[in-house]
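An overview of the molecular structure
The residues making up each chain are set out below.
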Amino acid sequence: TSIAWIQASYDEYNNAPCPTIETKDPACTQDLSGEQLDNSPEWTGNIGLEYSRPVSDNLEGYIRGDAVYRGGTFLLGTQARDTYQAAYTVYSLRTGLMQNDNRWKLELWANNLTDEDYGVVATRPALHIDGLNLVRGLPRTYGLNLEFSL
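Anyway, here's the lowdown on the structure attached to this text. Just so it is clear, the model here is predicted, and its values are computed rather than measured.

Once that is clear, we can look at the overall build of the protein. If you tally the helices and strands in the protein, you get one helix and 12 strands. Its helices and strands in sequence order give the protein the pattern β-β-α-β-β-β-β-β-β-β-β-β-β, from N to C terminus. Rg of the C-alpha trace for the protein: 22 Å, well past the compact-globule value of 15 Å for 150 residues, more than 25% over. Considering only C-alpha atoms, the protein reaches an extent of 70 × 30 × 25 Å along its principal axes. Residue burial in the protein is summarised as follows: out of 150 residues, 28% are buried. Counting contacts in the protein only where the partners sit at least 6 residues apart, residues at least 24 apart contribute 56% of the total. If you average the places of the 11 positive and of the 20 negative side-chain charges in the protein, the two averages end up 8 Å apart.

One pass over the structure, following the stated rule, counts one disulfide. The side chain of Cys18 participates in a disulfide bridge whose partner is Cys28; the two sulfur atoms lie 2.0 Å from each other. The S-S bond linking Cys18 to Cys28 shows a torsion near -45°; that makes this disulfide left-handed. Of this pair, Cys18 sits in the loop between strand S2 (16-17) and helix H1 (20-23) while Cys28 sits in the loop between H1 and strand S3 (29-30); the two residues are 10 residues apart in sequence, bridging distant segments of the chain. Accessibility expressed as a relative area gives 22% for Cys28, which makes it partly exposed.

A word on a negative patch on the surface. Residues Asp11, Glu12, Asp31 and Glu35 make up a contiguous surface patch of negative charge. If you trace the backbone, Glu12 turns up in the loop between strand S1 (2-5) and S2.

What counts, and where the lines are drawn
Residues numbered from 1 in each chain as written. Predicted model: local features only at pLDDT ≥ 70, side-chain atom pairs only at ≥ 80, totals over all residues. Heavy atoms only, no water. Helix = DSSP H or I, 4+ residues; strand = E, 2+ residues; numbered from the N terminus. Rg over C-alpha atoms; globule rule 2.2 N^0.38 Å. Buried < 20%, exposed > 50% of the residue type's maximum accessible area, 1.4 Å probe, protein only. Contact = heavy atoms within 4.5 Å. Lys, Arg positive; Asp, Glu negative; His and termini not counted. Charge placed at Lys NZ, Arg CZ, Asp CG, Glu CD. Disulfide = S-S within 2.5 Å. Patch = residues over 30% accessible without salt bridge, like charges linked within 9 Å, V, L, I, M, F, W, Y side chains within 5 Å. Areas by Shrake-Rupley, 256 points an atom, 1.4 Å probe, with all protein chains shown as cover. Salt bridge = Lys/Arg side-chain N within 4 Å of Asp/Glu carboxyl O.

Set out below in C-alpha cells:
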C-alpha cells in the first residue's frame, strides 16, 4: 500500500510553446510558470489486499484485489485541453489454488476490471498541427495461469 503527493511545477517557463491544436500558430508562446508538469499528477496511490486459507491438508486457496489510483494530469507539456487525462482508478483481482509445497499453482486473474479507458502517453505528429497520438492503457484483460515446478 502506498500513497504519494507531489507538487511538481515549472518554476519559470515564460516561453513555453502554445498548444498548436488550439491556437493554429506554431510561433505562439505561453507562460506556464507555476503550472503542473506534464505526466505528474498531484496524487497517486495503490492498495492491495490478500486473503488465503487452507482448503485441505496440502492445498491453499487465496484471493487478492488491487487498486491503483492516478490523479488528473496533462500528458503533454503544452497543456492542450485534449491532452488532459482525468483521474482514474484501475482495479485487478486474482484468485487461485496452490499446493502447500509450491509445486504448482492455478490462478484465475482479471486486470482493469471496470474496463477503464485512460491515456498514458500523448504525442503530436511532427508534420500535422491537428493530430494527436494517444497511447491508451490496457483494456480489461483476464486469463488463467498454471505454474509448476519439477
